[in-house]
Protein chains: 2
Amino acid sequence: MEIDGLSINLATVRQQYNMKQAVDACLTHKISAIAPWRDQVHAIGLAEAARIVTDNGLRVTGLCRGGMFPAADAVGRATAIDDNKKAIDEAATLNADCLVLVVGGLPTGSKDIPHAREMVADGIAAILPHARASGVPIAIEPLHPMYAADRACVNTLEQALDICDLLGDGIGVAVDVYHVWWDPKLEQQIARAGASGRILAHHICDWLVPTTDMLLDRGMMGDGVIDLKRIRGMIETAGYHGPQEVEIFSAANWWKRPGEEVLSTCAQRFRTVC
Amino acid sequence: MEIDGLSINLATVRQQYNMKQAVDACLTHKISAIAPWRDQVHAIGLAEAARIVTDNGLRVTGLCRGGMFPAADAVGRATAIDDNKKAIDEAATLNADCLVLVVGGLPTGSKDIPHAREMVADGIAAILPHARASGVPIAIEPLHPMYAADRACVNTLEQALDICDLLGDGIGVAVDVYHVWWDPKLEQQIARAGASGRILAHHICDWLVPTTDMLLDRGMMGDGVIDLKRIRGMIETAGYHGPQEVEIFSAANWWKRPGEEVLSTCAQRFRTVC
């Protein structure tokens, strides 16, 4: 029997499988929704990736990732915009629910976070017409504040939604529990996002205590302190009922286990703690 | 010539000096403001610590720290409240500008962060009458969201100020750049804090890229990405002109250097990049 409502972000098994192998393994576990990363798509070729999606009737809950807009000079910013347009085309070809943006942090040598944030808004504004014309919703993923310097200077749902409101249609947010669980305004801002139809993705994993690596020590659902069911409730109350997408970067643990074990654990935890 | 406006949080040199040695070293560098930790005070005795403060005409920009209110049971919560009252007495004896609170995170086994936050507000409410009667302002220090689980579930200035507004007089915030530099609402909330007279302390250090340890890899001012002068400007515009207090936890770097070098570097950087 199909597992409704569960998607696997393929970063979760990136050390074990290429995209084709990952899809085969997911199907074995009755999981028929995935979210690939662009490098995984490129490794097998976009056409082959699209064929795999179509032939297997997969739902693609997102393509990871566009973004990385801030740059030290105009050439760097233009290059990022061009690359994001290509990412939009890929997302369209894969019929992805959205293109997920990790917006980028401070350019090397800069301490000017307000300027970085302007460059993000400007970059998104520059790609949005192409995204709308392509039918690809753009999902800003606010990243945990510990990534503000080097990965994403959009760090709360409130901030991301302010950008969405500025830019209009065709844009929303990816709500990743890892990045937002701590936010005192979480419930309020999820409700706000839902009211404007801006929830485009729901990513899950867990926050481990202690966390031993800031990037690559995400936990399996149930192994940490995030109240996943409570956040799911907020998101459903806000009107989003799409799949929960498991995205776990775990260099020392899950990336070292057999892919089979990772996927069966995801499925089991999805049924019990999410 | 005295260095006006510079305070040393004694955690910065805790591996090199006890409180008496740290004060002697600070005075050698013409630094006459300090912020000790309670364990450093206890190690030499409260009376001796107070004598050192008085005899040398030191300004104590804060006593670190009270807080840690959430607990799994009523006994634990009452124990925390009792200990915070003792900390208030110590802060009064040392004539500290404020008692700094690290409010505490989730009790072991709990995922209920709203409840933890209620326990924090209740705990502060319970100690506030004693703080007011003792003339000791209470400074909530919002900690970076990466500490929400295990150290402090108050994670933004906005959230801290909402608690202050709930509780009334005698309470404010410690603005530590390390914890708040990323906040998109930083300027707005610093202005709010200043308008209500609630800025009680201004802590400085720097955010390193990359950061290799979530707790003990804080940087020396100028070595990271925080725009210290911009934040200082916000704080002064908001009406706070107290000392900037250097608080650096740095297990692999500054805690291993001679205390003399640490203090001379703090003084030099204070003059140039803060």
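Residues numbered from 1 in each chain as written. Chains lettered and ligands numbered in written order. Predicted model: local features only at pLDDT ≥ 70, side-chain atom pairs only at ≥ 80, totals over all residues.

**What to know about helix α9 (residues 228–237) of chain A**
All names here are of chain A. To keep it simple, the criterion reads: Residue burial here comes from a neighbour count, namely the number of other C-beta atoms, placed from the backbone, that lie within 10 Å of the residue's own C-beta, with 20 or more meaning buried, 12 or fewer meaning exposed, and in between meaning partly exposed. Helix numbering and strand numbering both begin at the N terminus, where a helix is a DSSP run of H or I of at least 4 residues and a strand a DSSP run of E of at least 2. Working note: the arc is built from the helix axis to C-beta atom directions. Remark: residues whose backbone-derived C-beta atoms lie within 7 Å of one another are considered to be in contact.
L228, I231 and I235 are the residues of α9 that are buried. Down the axis of α9, the smallest arc covering the buried residues is 70°, so these residues share one side. For α9, exposure combined with an orientation more than 90 degrees from the buried face picks out K229 and T237. Against the buried residues of α9 lie β7 (171–176), α7 (177–180), α8 (186–195), β8 (199–204) and α10 (259–273).

**A closer look at the relation of the copies chain B and chain A**
Our working definition: When the copies are superposed, the least-squares fit draws on C-alpha atoms of residues that have pLDDT of at least 70 in both.
For the pair chain B and chain A, the superposition axis carries a translation of 0.0 Å, the fit reaches an RMSD of 0.0 Å, and the rotation angle comes to 180°. The transformation just described matches what one would write down for a two-fold rotation axis.

**Some words on the interface of chain B and chain A**
How we decide: The nonpolar class holds Ala, Val, Leu, Ile, Met, Phe, Trp, Tyr, Cys and Pro. Asp, Glu, Lys and Arg form the charged class, and all remaining residues, Gly among them, are polar.
Listed per partner, the contact involves 21 residues of chain B and 21 residues of chain A. When the residues that make up the side of chain B that touches chain A are grouped by side-chain class, the tally is twelve nonpolar, five polar and four charged.

**Some thoughts on α10 of chain A**
All names here are of chain A. Selection rule: By definition here, a helix of n residues has an expected span of 1.5 Å times n minus one.
Under the 1.5 Å per step criterion, the end-to-end length of α10 is 20 Å for 15 residues, consistent within 8% with the ideal 21 Å. For α10, the set of buried residues is G259, V262, L263, C266, R269 and F270. The arc enclosing the buried residues of α10, seen along the axis, measures out at 130°, which places them on a common side. The exposed set on the far side of α10, more than 90 degrees from its buried face, consists of E261, R271 and T272. Close packing links the buried residues of α10 with β1 (6–9), α1 (19–28) and β9 (244–246).

**Quick word on the pairing of strand β7 (residues 171–176) of chain B**
Residues and elements named next belong to chain B. Put simply, the rule reads: Following DSSP output, two strands are said to pair if at least two bridges run between them. When the strands point away from the viewer and the connection leading from the first strand across the helix to the second strand turns clockwise, the crossover is called right-handed.
Most of β7 sits inside the fold, with six of its six residues counted as buried. Of the pairings in the sheet, the one linking strand β6 (residues 138–140) to β7 comprises three bridges and is parallel in character. Residue I140 lies in a different strand from β7, and its bridge partner there is V173. Remark: the β6/helix α6 (residues 157–167)/β7 crossover connection has right-handed handedness. Note that β7 and strand β8 (residues 199–204) share four bridges and pair parallel. Within the sheet, the bridge partner assigned to V175 lies in β8 and is H202.

**Examining the sheet that holds strand β4 (residues 63–67) of chain A**
All names here are of chain A. Rule in force here: The convention used is that axes are lines fitted to C-alpha atoms, helices contributing only their stretch in contact, and that angles between N-to-C directions extend from 0 to 180 degrees.
Spatially, nine strands are ordered β3-β2-β1-β9-β8-β7-β6-β5-β4 in an open sheet, and the strand pairing comes out parallel. Two strands bound the open sheet, and with one partner strand each, they are β3 (59–60) and β4. Sheet topology note: the β1/β9 ladder contains three bridges and is parallel. When the bridges of β9 are listed, I8 appears paired with V246. Against the sheet, helix α4 (residues 74–93) touches β4 and β5 (99–102), its axis set at about 160° to β4. Lying on the sheet, helix α5 (residues 113–134) is in contact with β5, β6 (138–140) and β7; it crosses β6 at an angle near 150°.

**Concerning the packing of α6 of chain B against helix α8 (residues 186–195) of chain B**
Packed helices, taken two at a time, are described by the angle their axes make and the gap between the axes. All names here are of chain B. To keep things clear, this is the line we draw: Oblique is the label for every angle not falling under 35 degrees (roughly parallel), over 145 degrees (roughly antiparallel), or within 65 to 115 degrees (roughly perpendicular). Whether a crossing is left-handed or right-handed is set by the direction in which the near helix is turned from the far one by less than a right angle, anticlockwise for left-handed and clockwise for right-handed.
Relative orientation of the contacting elements α6 and α8 amounts to 25°, with a least axis distance of 9 Å. Comparing their axes, α8 and α6 come out roughly parallel. Considering only the axes of α6 and α8, their crossing is left-handed. Between α6, through L157, E158 and L161, and α8, the contact on the second element is made entirely by Q189, I190, R192 and A193. Taken together, the residues that form the contact of α6 with α8 break down as four nonpolar, one polar and two charged.

The values reported here are purely geometric and, on their own, carry no functional implication.
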